[in-house]
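Each chain, letter by letter, is given below.
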Amino acid sequence: DQQVKQNSPSLSVQEGRISILNCDYTNSMFDYFLWYKKYPAEGPTFLISISSIKDKNEDGRFTVFLNKSAKHLSLHIVPSQPGDSAVYFCAASKTGANNLFFGTGTRLTVIP
Amino acid sequence: KAGVTQTPRYLIKTRGQQVTLSCSPISGHRSVSWYQQTPGQGLQFLFEYFSETQRNKGNFPGRFSGRQFSNSRSEMNVSTLELGDSALYLCASRPRTSGMTDTQYFGPGTRLTVL
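Please read these numbers as outputs of a predicted model, since none were measured by experiment.

**Overview of the overall build of chain A**
Stage number 1. From N to C terminus, chain A includes zero helices and eleven strands.
Stage number 2. In sequence order, the secondary structure elements of chain A are arranged as β-β-β-β-β-β-β-β-β-β-β.
Stage number 3. For a compact globule of 112 residues, the expected C-alpha radius of gyration is about 13 Å, and chain A comes in at 13 Å, within 12% of that figure.
Stage number 4. Here the C-alpha coordinates of chain A stretch approximately 40 × 30 × 20 Å along the principal axes.
Stage number 5. Accessible area for chain A stands at about 5,300 Å²; split by element, carbon and sulfur atoms hold 50% of it.
Stage number 6. Measuring between centres, the 11 positive side-chain charges of chain A sit 3 Å from its 9 negative side-chain charges.

**Some details on the interface of chain B and chain A**
Stage number 1. Counting from both sides, the interface comprises 25 residues of chain B and, opposite them, 18 residues of chain A.
Stage number 2. Taking both partners together, chain B and chain A bury about 1,600 Å²; carbon and sulfur atoms supply 56% of that area.
Stage number 3. Where chain B meets chain A, there are zero salt bridges.
Stage number 4. Our count for the chain B to chain A interface comes out at five residue pairs in polar contact (both at pLDDT 80 or more).
Stage number 5. Put simply, the parts of the chain that give the side of chain B that touches chain A at least two residues each are strand S4 (31–38), strand S5 (42–50) and strand S9 (87–94) of chain B.
Stage number 6. By residue number, the principal contributor to the side of chain B that touches chain A is S5(B), which donates five residues.
Stage number 7. Counted by class, the side of chain B that touches chain A contains eight nonpolar, 14 polar and three charged residues.

**Let's talk about the sheet that holds strand S3 (residues 19–24) of chain B**
Residues and elements named next belong to chain B.
Stage number 1. Pairing is antiparallel across the open sheet formed by four strands, whose spatial order is S1-S3-S8-S7. Strands with a single pairing partner mark the edges of an open sheet, and in this sheet they are strand S1 (5–7) and strand S7 (64–68). Ignoring which end each strand starts from, the neighbouring axes of this sheet average 20° apart.
Stage number 2. Here five bridges tie S7 to strand S8 (residues 74–78), and the two strands are oriented antiparallel to one another. Bridge pairing links Gly66 to Met76 in S8.

**Focus: the state of the cysteines**
Residue and element names in this part refer to chain A.
Stage number 1. Here the structure, examined in full by the defined rule, presents two disulfides over all chains.
Stage number 2. Residue pairing for Cys23: its cysteine sulfur links by disulfide to Cys90, the two sulfurs lying 2.0 Å apart. Judged by the sign of its S-S torsion, about -70°, the cystine formed by Cys23 and Cys90 is left-handed. Within this pair, whereas Cys23 is found in strand S3 (residues 19–25), its partner Cys90 is found in strand S9 (residues 86–93), the two being separated by 67 residues in sequence.

**With respect to the pattern of salt bridges**
Stage number 1. If you walk through the whole model with that rule in mind, you get seven salt bridges over all chains.
Stage number 2. Here Glu58(A) and Lys56(A) are joined by a salt bridge, their closest N and O atoms 4.0 Å apart.
Stage number 3. Here Glu58(A) falls in the exposed class, since its relative accessible area comes to 52%.
Stage number 4. With relative accessibility at 43%, the residue Lys56(A) sits in the partly exposed group.
Stage number 5. The residue Arg63(B) makes a salt bridge to Glu82(B) at a minimum N-O spacing of 3.6 Å. With Arg63(B) in the loop between strand S6 (53–57) and S7 and Glu82(B) in the loop between S8 and S9, the pair connects residues that are 19 residues apart, well separated along the chain.
Stage number 6. A residue is classified by how much of its surface remains accessible, and Arg63(B), at 16% relative accessible area, is buried.
Stage number 7. Assessed through its relative accessible area of 41%, Glu82(B) is described here as partly exposed.
Stage number 8. One connected set of salt bridges, linked through shared partners, spans Arg63(B), Glu82(B) and Asp85(B).

**Some points on the environment of Lys57(B)**
Residues and elements named next belong to chain B.
Stage number 1. Inspection of the secondary structure puts Lys57 in strand S6.
Stage number 2. Under the relative-accessibility criterion, Lys57 is labelled partly exposed at 38%.
Stage number 3. Measuring from C-alpha to C-alpha, the distance between Lys57 and Leu46 comes to 5.9 Å, with eleven residues separating the pair along the chain.

Thresholds applied
Residues numbered from 1 in each chain as written. Chains lettered and ligands numbered in written order. Predicted model: local features only at pLDDT ≥ 70, side-chain atom pairs only at ≥ 80, totals over all residues. Heavy atoms only, no water. Helix = DSSP H or I, 4+ residues; strand = E, 2+ residues; numbered from the N terminus. Rg over C-alpha atoms; globule rule 2.2 N^0.38 Å. Areas by Shrake-Rupley, 256 points an atom, 1.4 Å probe, with all protein chains shown as cover. Lys, Arg positive; Asp, Glu negative; His and termini not counted. Charge placed at Lys NZ, Arg CZ, Asp CG, Glu CD. Contact = heavy atoms within 4.5 Å. Buried area = accessible area lost by both parts, 1.4 Å probe. Salt bridge = Lys/Arg side-chain N within 4 Å of Asp/Glu carboxyl O. Polar contact = N/O pair within 3.5 Å; in protein donor to acceptor, adjacent residues only side chain to side chain. Nonpolar A, V, L, I, M, F, W, Y, C, P; charged D, E, K, R; others polar. Pairing = 2+ DSSP bridges. Axes fitted to C-alpha atoms, helices over the stretch in contact; angles between N-to-C directions. Disulfide = S-S within 2.5 Å. Buried < 20%, exposed > 50% of the residue type's maximum accessible area, 1.4 Å probe, protein only.

That is the geometry; function is a separate question.
Below you can see the structure in the form of C-alpha cells.
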C-alpha cells in the first residue's frame, strides 16, 4: 500500500522556467514532509522539508507547499537550472516514527 | 567529515544464495536505517538501528535481517535470495533516533542483482 504517491514519473521543463513536482499522501497522521533529490549512482540528498503546522517553506529557489485538507504537497523550483535534472522523491513521516515513507519519484529534466 | 559509505557498490548473486551488505555511518551518527529502492516501489523502509538495537522494522520478510555494531557500523543480510530482491539498497544515518526531523544522510547504495 503506497501511502505516498508521485503520479508523474517524469517532467521536462525549459531552463529558467518553473518546475512543479507534486506529491499526494493518504495517511492523515503524517505531519512532517521532505523532498530529496537523487542523481544517478548517488544516494538521495535532502532538499527541503515542511512541518504540518506550516503551509509553505522556502529555501532559495526551492519552495514547498502543503495543503493538508487535500493531502497534497508540491515542490516549486524557480528558476529551473540544468543542474536540477535529477529524480525527486517526496517523503513523509509521523510524530514518534523513526522511518520515512517515500514516493516512487519524479524524474525532472531541465532543458537548456 | 566523511559521508555514509556502503560496500560493496555492486554485487551479483544467484537465487538461493545469501548476501551481506555493509554501511558505515557518518562519524558521530548513531542511527542507521536501511531502504530498498526498486523502480516500481520507490524507496521502502527495511529497518532502523540505534545503539545496536533494532528500533523499527518495515514490512519485509524474515529473510531480511540486520545488525549494528558498537561503532555504529551496520550490516544487513538477505538469505535465500529471490529474483525480486534485485534492487538498490540504501543506508542512511542521522545523529539520533527521536523522530524524523533530523536530516537523514544517505550513502550511494549497493546495487544487488540476483540471477
